[in-house]
2 protein chains.
Amino acid sequence: MSTPLAKLKQEFAKKKLDAVLISSFSNIVYLTNYSGFSKEEREAYLFITRLAAKRAKNQQYILTDGRYSQAIKKLVHNFKSIEISSKLSFEKALKQLIKKYRVKRMGFEGNNLTFLEHKKLSSRFNDLNHFSLNNLRAIKNKEEVSKIEKACVLSDKTFDYILKKIKLGVSEKEIANEIEFFIKKQGGDISFKPIVAFGKNSAIPHHQTSNQRLASSGQFVLLDFGVKLNNYCSDMTRTIFFGKPTAEQKRMYQTVLESQKKAIQQFSNLTIKQLDKGIKASKIDKIAREHIISKGYKTIPHSLGHGIGIDVHEAPRLSPKSKDILKVGMVFSIEPGIYIPNLGGVRIEDLVVLEKKGPRLLTHSPKNLIEL
Amino acid sequence: MSTPLAKLKQEFAKKKLDAVLISSFSNIVYLTNYSGFSKEEREAYLFITRLAAKRAKNQQYILTDGRYSQAIKKLVHNFKSIEISSKLSFEKALKQLIKKYRVKRMGFEGNNLTFLEHKKLSSRFNDLNHFSLNNLRAIKNKEEVSKIEKACVLSDKTFDYILKKIKLGVSEKEIANEIEFFIKKQGGDISFKPIVAFGKNSAIPHHQTSNQRLASSGQFVLLDFGVKLNNYCSDMTRTIFFGKPTAEQKRMYQTVLESQKKAIQQFSNLTIKQLDKGIKASKIDKIAREHIISKGYKTIPHSLGHGIGIDVHEAPRLSPKSKDILKVGMVFSIEPGIYIPNLGGVRIEDLVVLEKKGPRLLTHSPKNLIEL
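Residues numbered from 1 in each chain as written. Chains lettered and ligands numbered in written order. Predicted model: local features only at pLDDT ≥ 70, side-chain atom pairs only at ≥ 80, totals over all residues. Heavy atoms only, no water.

**Comments concerning the overall build of chain A**
Part 1: In terms of helices and strands, chain A carries 11 helices and 19 strands.
Part 2: For chain A, whose C-alpha radius of gyration is 23 Å, the value lies close to the compact-globule estimate of 21 Å for 372 residues.
Part 3: For chain A, the C-alpha atoms occupy an extent of roughly 70 × 45 × 35 Å along the three principal directions.
Part 4: The buried share of chain A, taken over its 372 residues, is 58%.
Part 5: Within chain A, contacts between residues separated by at least 24 positions form 65% of all contacts whose residues are at least 6 apart in sequence.
Part 6: With the model as given, the accessible surface of chain A reaches about 16900 Å², and the carbon-plus-sulfur share is 52%.
Part 7: When the 65 positive and 36 negative side-chain charges of chain A are each reduced to one mean point, those points stand 6 Å apart. (Helix = DSSP H or I, 4+ residues; strand = E, 2+ residues; numbered from the N terminus. Rg over C-alpha atoms; globule rule 2.2 N^0.38 Å. Buried < 20%, exposed > 50% of the residue type's maximum accessible area, 1.4 Å probe, protein only. Contact = heavy atoms within 4.5 Å. Areas by Shrake-Rupley, 256 points an atom, 1.4 Å probe, with all protein chains shown as cover. Lys, Arg positive; Asp, Glu negative; His and termini not counted. Charge placed at Lys NZ, Arg CZ, Asp CG, Glu CD.)

Quick look at the structure:
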């Protein structure tokens, strides 16, 4: 199994780096499995030398302050820890490491370090090279897929639970809270704030869950939520109907469902050889999009899907302009939608893992139009 | 009343900038009061010209994509909106604005734009100048103080509620969930994940709330949590005792309480003139710290406090090395603590606003040692 560290080291060789400095929250989680640091404040760095490829632990370090010493000792075994303090600043510690390992070319995350952080580093070190780990994370190993799958199991359970709570008089916020509380009581976390949209609000793809109440029947109820479990995310959308849908509302729903099925079907149609080479993400996006347009609706006003893992949105991206190639091992959402202003919207979203045998759905909640 | 925009414009004059580009989530909230954007993805920018000082709306812009058009129209009235799309990229829109207003010197947030974002901009625009809004936000106006105060009211209410839930057999996670659910049911949000620490765990200042259960009496229960309401945060810590404390445990608690009182008292001792000039944050930190040491305990292993507002941690910082000056209008925490490994810890945290009349507490939950 290709571990995150093994993948990182292949990247080293390609870029001819002597060491890398990892600063982003998500990549620290990816490489250490530890997620106790703040996402918003700079609390830790990883420093990994090229040599680490061969001799493991002695050449890879985690730099953080005393607040985390106990946790790191207990939970992060494959990194040596260096405690940053008022006596040993991060810059000083880094300087020592660079000297110790005679690092000339050092990589850093150019899409994570800020302008000022980079400026400070570059005044001390000459050969700084920005690199990105983001594409490395796009292909998941079995362990990662299994973690995402467990998050999906809890999503399905949550959907089943929440259906019983959708009643006349309830508010979007209340439903969103119920989703969140259920997930947390089950030991999970939410991967993003649940989107709950009644009626007209479902026509806004990025609706901010409001205090609006379910005041009458005859409307769509859109639920878009995700679970975070063992650092990995799920993401799922279902649209149900409160009351009896009209023929046009049914047609709208069926069109979205067909669009999703067509996109997923496309993977099954590939030969083993084609699948091994990969397929353009933009092509899958196009298939789903054109189906919707062919039925007389406006195009999907957002991407068809996104990769998911430690972050709820990560590589690859499934959109008309995407240059990403979908490959075996990738996990992503397929989420077409139709939105008609002042009327309502339908979106159906599942997670798919691309396997050698073809696509496999990770979310299993029913997709026939549920009428409540 | 000094509005955020008025303050920003004073800053313009000082730095001789023709326009600024605002990119950080918190500063966008500060200037627009709109908080619907993602904190983790780059979804919006503000572009504000120097002229905006005089002629308002026509010279300040919000650049974001179609997902937010409706919300911006409804909620952000003092900015003109420019829709970013596949046809009009952010860079293209920015270029047009720069041309229109003949901008030569443009400011950007150096502690927010990433290395790569800056690189992309600097390849197109010559005179880019990093600047920071963070210190501007340190002094709050009346409206902001009132928002923080409302968040504090809900914190106090939450503390009162949660006391009834602390019982033999309950887990830290369950208490943390109860805190969160209560706040959300009341229409608020949490400003950070609640820290709940039983017994030995309370000795770890940054304890990650665990599944540990309250298995026996005779231990401290530390609760550190905050509310976010109308975009503004509160933050509060109380330590209570489950069972009967020993004389030493009482002494530990009293020492922390005295340390906090001494720090706050220091502001009351200032003359109006002194207060107007401001007082060194490091001096307040020292007073609290030395009291604890004088009683034979180890020094506080963290800062005495931090500013709070839109972010739960913002300027000023109250620490031994801080160079910040505490001034009228600032809101910050005072949170001394004593932590004894394998035994337990005590921290007491309140929010204080510095007013012309002296310091005023914003959190009011009881501070006598509660025995449950």
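**Some thoughts on the pattern of salt bridges**
Residue and element names in this part refer to chain A.
Part 1: For the coordinates displayed, the defined rule picks out 53 salt bridges over all chains.
Part 2: We note a salt bridge from K147 to E143, for which the minimum N-O separation is 3.9 Å. Of this pair, K147 and E143 both sit in helix α7 (residues 142-163), separated by 4 residues, roughly a single helical turn.
Part 3: Since its relative accessible area comes to 16%, K147 is described here as buried.
Part 4: For E143, a relative accessible area of 42% gives the class partly exposed.
Part 5: Across the salt bridge formed by E248 and R251, the nearest N and O atoms sit 3.3 Å from each other. (Salt bridge = Lys/Arg side-chain N within 4 Å of Asp/Glu carboxyl O.)

**Considerations on the relation of the copies chain B and chain A**
Part 1: The two copies are related by a screw operation: chain B maps onto chain A through 180 degrees of rotation and 0.0 Å of translation along the axis, at an RMSD of 0.0 Å. Expressed as a symmetry operation, the mapping of one chain copy onto the other fits a two-fold axis. Closest approach to the rotation axis among the C-alpha atoms of chain B is made by T114 of chain B, whose C-alpha sits 2.0 Å away. (Least-squares fit on C-alpha atoms with pLDDT ≥ 70 in both.)

**Focus: the layout of surface pockets**
Any empty space left between the atoms is revealed when a probe the size of a water molecule rolls over them.
Residue and element names in this part refer to chain A.
Part 1: The computed volume of the second largest pocket comes to approximately 580 Å³.
Part 2: Forming the boundary of the second largest pocket are 25 residues, of which I139, K140, V328, G329 and M330 lie nearest the centre.
Part 3: Looking at the lining of the second largest pocket, the elements that each hand over two or more residues are α7, β13 (314-318) and β18 (350-355).
Part 4: The residue makeup of the lining of the second largest pocket, split by class, is 12 nonpolar, 4 polar and 9 charged. (1 Å grid on protein atoms, 1.4 Å probe; cavity = no way out; pocket = protein on both sides within 12 Å on 5 of 7 lines; lining within 4 Å. Points joined across faces, edges and corners; volume = space filled by probe spheres on them. Nonpolar A, V, L, I, M, F, W, Y, C, P; charged D, E, K, R; others polar.)

**Considerations on unusual backbone geometry**
Part 1: In this structure, P316 of chain A follows A315 of chain A across a cis peptide bond, with omega equal to 0 degrees.
Part 2: Tracing the chain through its elements places P316 of chain A in strand β13.
Part 3: One non-glycine residue, N33 of chain B, lies in the positive phi region at around 70 degrees.
Part 4: Looking at the secondary structure, you find N33 of chain B in the loop between α2 (25-32) and β2 (44-49).
Part 5: One non-glycine residue, N230 of chain B, lies in positive phi territory at about 50 degrees.
Part 6: Position of N230 of chain B relative to the elements: it lies in the loop between β10 (227-229) and β11 (232-233).

**Overview of helix α1 (residues 4-15) of chain A**
A turn of α-helix holds 3.6 residues, and therefore any two residues three or four places apart point the same way.
Residue and element names in this part refer to chain A.
Part 1: Counted at 1.5 Å a residue, the expected span for α1 with its 12 residues is 16 Å, and the 17 Å between its end C-alpha atoms agrees.
Part 2: The complete set of buried residues in α1 reads P4, L5, K7, L8, K9, E11 and F12.
Part 3: Trailing α1 by a residue or two, K16 shows a phi angle of about 55 degrees, which is positive. (Expected span 1.5 Å × (residues − 1).)

**Digging into the sheet that holds strand β8 (residues 195-198) of chain B**
Residues and elements named next belong to chain B.
Part 1: Spatially, β8-β9-β12 is the arrangement adopted by the 3 strands of the open sheet, whose pairing is antiparallel. On the outer flanks of this sheet lie β8 and β12 (236-242), each paired with one strand and no other. On average, each strand axis in the sheet is inclined to that of its neighbour by 10 degrees, with strand direction left out of account.
Part 2: Bridge analysis of β8 against strand β9 (residues 219-225) gives 4 bridges, and the strand direction is antiparallel. By the bridge assignment for β9, A197 is matched with L222.
Part 3: In the packing of helix α7 (residues 142-163) onto the sheet, contacts are made with β9 and β12, and the angle to β12 comes to roughly 15 degrees. (Pairing = 2+ DSSP bridges. Axes fitted to C-alpha atoms, helices over the stretch in contact; angles between N-to-C directions.)

**Let's talk about the nonpolar core**
Within soluble globular proteins, side chains that are nonpolar generally end up buried alongside one another.
Part 1: Counting residues in hydrophobic clusters, the biggest one holds 37 residues, and the most contacted among them are L8, I22, L31, F37 and I48 of chain B.
Part 2: Secondary structure elements with two or more residues in this core: α1 (4-15), β1 (19-22), α2, β2, α7, β11 and β20 (350-355) of chain B.
Part 3: Broken down by element, the residue count for this core peaks at 5 residues, all from α2 of chain B.
Part 4: Per-domain counts for this core show at least three residues from each of domain 1 (4-133) and domain 2 (142-361) of chain B.
Part 5: Residues in contact with F37 of chain B, not counting those within four places in the same chain, are F25, I28, E43, A44, I62, T64, Y68 and I72 of chain B.
Part 6: With 36 residues, the next largest nonpolar core counts Y30, I72, F79 and C152 of chain A among its residues. (Core = buried A, V, L, I, M, F, W, Y, C linked by side-chain atoms within 4.5 Å. Domains from an automatic or database assignment.)

**Thoughts on the interface of chain B and chain A**
Part 1: Across the boundary between the two partners, chain B contributes 34 residues, which contact 34 residues of chain A.
Part 2: Summed over both sides, the interface of chain B with chain A buries roughly 3000 Å², with 54% coming from carbon and sulfur.
Part 3: Interface area lost by chain B to chain A is led by F115, F181 and H206 of chain B, which between them contribute 21%.
Part 4: Summed over the shared surface of chain B and chain A, the result is 6 salt bridges.
Part 5: Of the charged contacts in the structure, one is a salt bridge between E40 of chain A and K39 of chain B, with a shortest N-O distance of 3.2 Å. (Buried area = accessible area lost by both parts, 1.4 Å probe.)

**A short note on a positive patch on the surface**
Part 1: On the surface, a cluster of positive charge is contributed by K164, K165, K167 and K185 of chain A together with K164, K165, K167 and K185 of chain B.
Part 2: Positionally, K165 of chain A belongs in the loop between α7 and α8 (172-185). (Patch = residues over 30% accessible without salt bridge, like charges linked within 9 Å, V, L, I, M, F, W, Y side chains within 5 Å.)

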